[in-house]
Amino acid sequence: MAWLSLVTLFLCPYFSSSFVGSPVINGHSRRSSVARCCPPACRHHLSMKIKCGVVGLPNVGKSSLFNALAKRSLAESANFPFCTIDPNVAPISIPDTYLEPLGVLANSRRTVPATMDFVDVAGLVKGASRGEGLGNKFLATIRECDCIVHVVRAFEDANTIHVDGKVEPLADAEVVNLELLLADLAHVQRRLEKNSCQGEEREALDIVVNCLEKGMPARSAGLSQLQSKAIKSMGLLTEKPVIYALNVDEVDFFLSRDDVLREAESIVGSLQYSDDESSLCTIVSAKVEAELSATSYEDQAEYVSSLGVELEGDSGSSIMDMLSYNVLPRKVLKLLDLSLCYTGPGVPPERSQTTKAHVLRQAQELTAVGLASKLHGTIEKGFIRAEVISAPELLEYPTHVEAKEAGKVRVEGKDYVLNPNDVVLIKW
């Protein structure tokens, strides 16, 4: 009966990213029945997503990059400042080499990739920390994000306005970083003025404000884990890790990639308080990527070939692996120390509905029973054991059953801490 319940769970629309509407079954709304059977805490836990804020000066290509990531035109892209007013949000699938093969092995009807949300906001200008432009609204949105994708213009185009009249990637990046720092300083000072700021929070903010007043980002304050947790709700901008995305033209992107990437790394390395743990960099070509993402793979291949670029590199990697919708999610995984695990394989093939990827936050050490709670409160309560095997090891066998017969599937208890690429079958 547990197997039947598990199959019913995978059929449940609550776990489907493509669910639309609320069909009625046996006189009850499917959506309302899920709401009744899934505890509020579980629903909240499932709703937690990785959020990445896309920032930069006006007219640097943020909205074009956002459209390239989403593979469709969602954000307005125009040659004037503040063409983006309201934030645009799109869930972006995390590139995954294991998900589809696991779905085939499990004979699942569908596969569901893990996703992260990218948020496109209005361009940041000098004085945003004081409310210039759309600064206040912009900053409040970014405080809710886990990391920042800082788009820096590194292309020349007389037809695209630059807010300062000249393209200087290092100077532009420093302008945005300074505005983020000043915004944090004002934010922290306001909080310290309140009587409700006490104990661990006040102690941590005293350290942070001293750091900010010296022109250093909050992540340089050297806070303990307990202190960082005490001020987490502040959403300090300069505490967030950053991916610097230098936006270059298509020639540099495709034909001079290695040289331009080294130059980008040099620029990011020249930024104050930039380090390998909290700052990564990449290059993008937002305009051409946005155009390519709206076309078929065949059209993309034809365009790339017209530039004289081989579709397959010497290592066998595709030129499409260079595009931002593949590169940036992987950079976010690395920056935030995230990985993936999987559910679905192990369910009898005739009953398998979904093979799904889940994001693991390594710092939080998700346990087997914690994964069960992400799936459903009922599975958590009825947890008996977890059968675990790594994805690469499982894919060496035709089926989960054969891997189990070969002694490759381990039996683990509630407290087992999941590892990257674990495939987990929970018995309950």
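Our subject is the structure listed above.
Note that the structure is predicted; figures quoted are calculated from it, not measured.

(A) Seen up close, the overall build of the chain. Each helix and strand counted, the chain has 18 helices and 14 strands in total. Burial status across the chain gives 49% buried among its 428 residues. On the chain, roughly 20400 Å² of surface is accessible, and the fraction owed to carbon and sulfur atoms is 51%.

(B) Main features of the pairing of strand E7 (residues 147–153). For E7, the buried fraction is high: seven of the seven residues fall into the buried class. In the sheet, strand E3 (residues 51–55) pairs with E7 via four bridges, with the strands oriented parallel. Residue pairing for E7: Val 54 is matched across the bridge by Val 149. In this sheet, strand E8 (residues 242–247) lies alongside E7 in parallel orientation, the contact comprising six bridges.

(C) Inspection of the sheet that holds E7 at higher detail. Reading across the sheet, the six strands line up as E4-E6-E3-E7-E8-E9 and stay open at both edges, with mixed pairing between neighbours. Only two strands of the sheet have a single neighbouring strand rather than two, namely strand E4 (88–93) and strand E9 (279–284). Going across the sheet, the axis of each strand differs from the next one's by a mean of 25°, ignoring polarity. Contacts between helix H7 (residues 169–192) and the sheet are confined to E3, E7 and E8, with E7 contributing the most and set at about 145° to the helix.

(D) Representation of the pattern of salt bridges in the model. A full pass over the atoms with the stated rule returns nine salt bridges. Here Arg 143 makes a salt bridge to Asp 184, at a shortest N to O gap of 3.0 Å. Placement of the pair is Arg 143 in helix H6 (residues 135–143) and Asp 184 in helix H7, with a sequence separation of 41 residues. Residue class for Arg 143 comes out buried when judged on its relative accessible area of 16%. One continuous salt-bridge network, built from bridges that share partners, spans Arg 385, Glu 387, Lys 404 and Lys 427.

(E) Inspection of the sheet that holds strand E13 (residues 410–412) at higher detail. Here we have six strands laid out as an open sheet, ordered E5-E11-E10-E14-E12-E13, and mixed in their pairing. For this open sheet the edge positions go to strand E5 (110–112) and E13, each flanked by a neighbour on one side alone. Taking the axes of each pair of neighbouring strands and ignoring which way they run, one obtains an average angle of 30° across the sheet. The pairing of strand E12 (residues 385–390) with strand E14 (residues 422–427) spans six bridges and is antiparallel. Within the sheet, the bridge partner assigned to Val 388 lies in E14 and is Val 424. Packing of helix H5 (residues 99–106) onto the sheet brings it into contact with E5, strand E10 (338–343), strand E11 (354–361) and E14, and relative to E11 it is tilted by some 140°.

(F) Representation of the side chain of Glu 387. Within the secondary structure, Glu 387 sits in strand E12. Exposure remark for Glu 387: the relative accessible area of 2% places this residue in the buried category. Among the polar contacts listed, one links the side chain of Glu 387 to the side chain of Lys 404, at a separation of 3.0 Å. With sequence-adjacent residues up to four places away left out, Glu 387 is seen in contact with His 400, Lys 404, Val 409, Arg 410, Val 423, Val 424, Leu 425 and Lys 427.

(G) Structural context of the packing of aromatic side chains. A full pass over the atoms with the stated rule returns one aromatic pair. Taking 4.9 Å as the distance between ring centres and 85° as the angle between the ring planes, the aromatic pair formed by Phe 253 and Phe 254 counts as edge-to-face. Relative accessible area serves as the criterion here: at 0%, Phe 253 is assigned to the buried category. Classification of Phe 254 as buried rests on a relative accessible area of 7%. Sitting over the face of the ring of Phe 155, Arg 153 holds its NZ or CZ atom 4.4 Å from the ring centroid. Here Arg 257 stacks its cationic end above the ring of Phe 253, 4.7 Å away from the centre of that ring.

(H) Representation of the environment of Asp 275 in the model. Mapped onto the elements, Asp 275 comes out in the loop between helix H11 (257–270) and E9. When the C-alpha positions of Asp 275 and Pro 241 are compared, they lie 9.8 Å apart, and in sequence the two are 34 residues distant. Here the side chain of Asp 275 touches Glu 277 through a polar contact of 2.9 Å, landing on its backbone nitrogen.

(I) Summary view of the environment of Arg 351. Within the fold, Arg 351 resides in the loop between E10 and E11. In this structure Arg 351 comes out as partly exposed when scored by relative accessible area, which is 36%. Sequence separation between Arg 351 and Ser 108 is 243 residues; the distance between their C-alpha atoms is 8.1 Å.

(J) Focus on helix H4 (residues 62–70). Most of H4 sits inside the fold, with nine of its nine residues counted as buried. For H4, the set of buried residues is Lys 62, Ser 63, Ser 64, Leu 65, Phe 66, Asn 67, Ala 68, Leu 69 and Ala 70. In the segment just after H4, Lys 71 is the residue with positive phi, at about 60°.

(K) The arrangement of the side chain of His 187 in detail. Secondary-structure assignment places His 187 in helix H7. Accessibility expressed as a relative area gives 18% for His 187, which makes it buried. In this structure His 187 touches Arg 143, Met 234 and Leu 236, once residues within four positions along its chain are discounted.

About the thresholds
The numbering scheme is per chain: residues are counted from 1 as the chain's sequence reads. Where totals are concerned, whole chains, interfaces and linings use all residues; where local detail is concerned, this predicted model gives features only for residues with pLDDT of at least 70, and gives and counts side-chain atom pairs only at 80 or more. Hydrogens and water are ignored here; the side-chain numbers use all heavy atoms of the structure. Think of it this way: any DSSP run of H or I at least four residues long counts as a helix, any run of E at least two long counts as a strand, and we number them from the N terminus. Note on classification: 1.4 Å probe, protein chains only; a residue is buried when its accessible area is under 20% of the maximum for its type, exposed when over 50%, partly exposed between these limits. Here the accessible surface of atoms and residues is derived via Shrake-Rupley with a 1.4 Å probe, and residues count as covered only by protein chains that are part of the display. Two strands make a pair as long as DSSP finds a minimum of two bridges between them. To define axes, lines are fitted to C-alpha atoms, for helices over the stretch in contact only, and angles between the resulting N-to-C directions are given on a 0 to 180 degree scale. Note on definitions: a residue-residue contact is assigned when non-hydrogen atoms from the two residues lie within 4.5 Å. Salt-bridge detection follows one rule: a side-chain nitrogen of Lys or Arg within 4 Å of a carboxyl oxygen of Asp or Glu. In the analysis that follows, any N or O atom pair within 3.5 Å is treated as a polar contact, provided that within protein one partner can donate a hydrogen and the other can accept it, and provided that, for residues neighboring in sequence, both atoms belong to side chains. Here a Phe, Tyr or Trp ring, Trp counted by its six-membered ring, pairs with any other such ring whose centre lies within 6.5 Å, and the pair is stacked when the planes are under 30 degrees apart, edge-to-face when over 60, and tilted otherwise. Throughout this description, the term charge over a ring refers to an Arg CZ or Lys NZ atom that lies within 6 Å of the ring centre and within 35 degrees of the ring normal.

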